[in-house]
There are 2 protein chains.
Amino acid sequence: MTDDPDSPAPRPAGARRGRPPSNALTRERILDAALALLEREGPEALTLRRLGADLGSNHTAVLRYFAGKDDILLGLAERLIAEAVEGFEPGPTWRATLAGLARRVRRACLAHPALAVLVASRVSRRDAEFRGADLVIGALLDAGFAPREAARHYRALVDVTLAMSSFEAASAVLDGADREGDRMAWRREYLAASPRRFPHLASVAPHLAGADEDDQFEFVMELLLNAVETRLGGGA
Amino acid sequence: MTDDPDSPAPRPAGARRGRPPSNALTRERILDAALALLEREGPEALTLRRLGADLGSNHTAVLRYFAGKDDILLGLAERLIAEAVEGFEPGPTWRATLAGLARRVRRACLAHPALAVLVASRVSRRDAEFRGADLVIGALLDAGFAPREAARHYRALVDVTLAMSSFEAASAVLDGADREGDRMAWRREYLAASPRRFPHLASVAPHLAGADEDDQFEFVMELLLNAVETRLGGGA
DNA sequence: ACCTGAACACCGTTCAAGT
DNA sequence: ACCTGAACACCGTTCAAGT
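Residues numbered from 1 in each chain as written. Chains lettered and ligands numbered in written order. Predicted model: local features only at pLDDT ≥ 70, side-chain atom pairs only at ≥ 80, totals over all residues. Heavy atoms only, no water.

Taken residue by residue, the interface counts 63 residues in chain A and 63 residues in chain B. Summed over both sides, the interface between chain A and chain B buries roughly 6000 Å², with carbon and sulfur atoms accounting for 66% of that surface. By the criterion of area lost to chain B, the three top residues of chain A are Arg125, Arg155 and Phe167 of chain A, representing 13% of everything that side buries. Taking the shortest distance from any N to any O, the salt bridge between glutamate 222 of chain B and arginine 231 of chain A comes out at 3.7 Å. For the interface between chain A and chain B, the tally reads 12 residue pairs in polar contact (both at pLDDT 80 or more). The set of elements that each furnish at least two residues to the side of chain A that touches chain B consists of α3 (69-85), α6 (127-143), α7 (147-176), α8 (182-192), α9 (199-208) and α10 (213-233) of chain A. When residues of the side of chain A that touches chain B are assigned to their parent elements, the largest contribution, 18 residues, is made by α7 of chain A. Counted by class, the side of chain A that touches chain B contains 35 nonpolar, 8 polar and 20 charged residues. (Contact = heavy atoms within 4.5 Å. Buried area = accessible area lost by both parts, 1.4 Å probe. Salt bridge = Lys/Arg side-chain N within 4 Å of Asp/Glu carboxyl O. Polar contact = N/O pair within 3.5 Å; in protein donor to acceptor, adjacent residues only side chain to side chain. Helix = DSSP H or I, 4+ residues; strand = E, 2+ residues; numbered from the N terminus. Nonpolar A, V, L, I, M, F, W, Y, C, P; charged D, E, K, R; others polar.)

Our focus in this paragraph is the pattern of salt bridges. Tallied over the full model, the rule gives 34 salt bridges over all chains. When salt bridges that share partners are traced, they join Arg148, Glu149, Arg152 and Arg231 of chain A together with Glu222 of chain B into one network.

A few words on the confidence of the model for chain A. Residues at a pLDDT of 70 or more form 83% of chain A, whose mean pLDDT is 85. The low-confidence segment residues 1-21 of chain A, where pLDDT is below 50, has 3 contacts with residues more than four positions distant or belonging to other chains. (pLDDT = per-residue confidence, 0-100.)

Here we take up the packing of aromatic side chains. The full count for this structure, using the stated rule, is 4 aromatic pairs over all chains. Ring geometry for tyrosine 190 of chain A and phenylalanine 130 of chain B: centres 5.1 Å apart, planes at 90°, overall edge-to-face. Of this pair, tyrosine 190 of chain A sits in helix α8 while phenylalanine 130 of chain B sits in helix α6 (residues 127-143), placing the two residues on different chains. Assessed through its relative accessible area of 2%, tyrosine 190 of chain A is described here as buried. Its relative accessible area of 9% is what places phenylalanine 130 of chain B among the buried residues. Between phenylalanine 198 of chain A and phenylalanine 130 of chain B, the aromatic rings sit 5.6 Å apart at their centres with planes inclined by 55°, giving tilted as the arrangement. Here phenylalanine 198 of chain A is found in the loop between α8 and α9, whereas its partner phenylalanine 130 of chain B is found in helix α6 on a different chain. Accessibility expressed as a relative area gives 3% for phenylalanine 198 of chain A, which makes it buried. An aromatic cluster of three or more residues is present, and its members are Phe130 of chain A together with Tyr190 and Phe198 of chain B. When the ring centre of phenylalanine 219 of chain B is taken as reference, the NZ or CZ atom of arginine 152 of chain A above it lies at 4.2 Å. (Phe/Tyr/Trp six-rings, centres within 6.5 Å; stacked < 30°, edge-to-face > 60°. Buried < 20%, exposed > 50% of the residue type's maximum accessible area, 1.4 Å probe, protein only. Lys NZ or Arg CZ within 6 Å of the ring centre and 35° of its normal.)

Residues and elements named next belong to chain A. Partitioning chain A into structural domains gives domain 1 (24-66) and domain 2 (83-233). Measuring from the centre of the C-alpha atoms in domain 1 to the corresponding centre in domain 2 gives 30 Å. On the side of domain 2, 8 residues touch domain 1, which itself brings 7 residues to the contact. Across the interface of domain 1 and domain 2, roughly 510 Å² is buried in total on both sides, 74% from carbon and sulfur atoms. The three residues of domain 1 that bury the most area against domain 2 are Leu38, Glu39 and Pro43, which together make up 70% of that side's buried surface. The interface formed by domain 1 and domain 2 holds 0 salt bridges in total. At the boundary of domain 1 and domain 2, one finds 1 residue pair in polar contact (both at pLDDT 80 or more). Here the side of domain 1 that touches domain 2 is built from residues that sort into 4 nonpolar, 1 polar and 2 charged. (Domains from an automatic or database assignment.)

Written out as structure tokens, the structure is:
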């Protein structure tokens, strides 16, 4: 991809042979460095100054390629959704397609939690997102929904998937950085909640610690897709 | 509540009559000011310096009452969940209870989007949260679920409700501040997506702009609670 | 054409000093 | 006991100046 023959990238005049000057900035190189920085040190490490240092440039140089820090974030958002969608093929049933895509979105968010937490609510409205939308809506139309119902279900599924994935990413980032064992603290304190004041809570507390995040996500998707299937049969 | 007779709040010695020195800092007064600041100017306006100015104090004075900015956020998080839960009474059916509480959580988040966006993933693990958990779990046990299933369903409902509410809050904040008409831009660009490349998307695009956020939330909750009800009947 | 360096107007947190 | 003020180590963005 980078050596696409009709790539418009201007080849610096000084690079006659040997490796090109490694400090040549491009949008792609800047996004690579930003992603690496996020991965290494978490969401608040992404600053223009740190980024400039990693790139071997002045911290203001990247502003020639992006309108500002926010613009970098938008570029990263498109990468995240692209990672979730690219290469995905519809499954044998509409249900497999929907569940599969939801899992891919979640996996991409958990693979880059520091990124997901920064950009999950920033829809990119670009290519990768449209491809994902087209896949989901195609599966719903395939299942038999009329356009209006397909649109409603699409938004329900996408909202729940994205919201839950970014929510999980947020606590993954917290666990890693600020909070010591947030997840464990959560379990401990729920177990310690006063049984007199919160009797229902106390009676199921041991089970709250049980299921892990993967199971919970699968469970929510199962509930949702069951409901969708029921609506399909019941003359929705 | 504030004039609880056995309140441990130290009454400043100098306050003999007339109004007490209005600059006396307390945790409550600091949280009030922080909330007002968030409401007025959005999430990034909450800085210790701005807060100090609003309180008529040096910006470092609040650090005598909170361990740091993060500690203030945690205090605000507890207020948010308290607002959602306080005064809530279980409905006539378990389903009404669950839907009602979900709506209250969402409404609190949308009433304070700048706050919700900062703290939604920071569970407070304190009183108000336990009360909410107890209500939801109580409704599920009431419905007939065994403890283990009640715990699974509780987490599914709470995760979806919180995640969607904070997700919506995030875009409400964006709409208000950074992005011009983000919601409208979304509709416009989805309508403009290439029908050749994204045929399914194009065929339902007019309907995507239709349903508003309130309807979508109700729809998701309906799907979820339908699925829960089905599990109950089907020998889950 | 591309990058640098200084400057500007901000941050959160620490800590010695005031009253 | 409570607060201030200066200092420290950071931010993002602008803009004139260099090469």
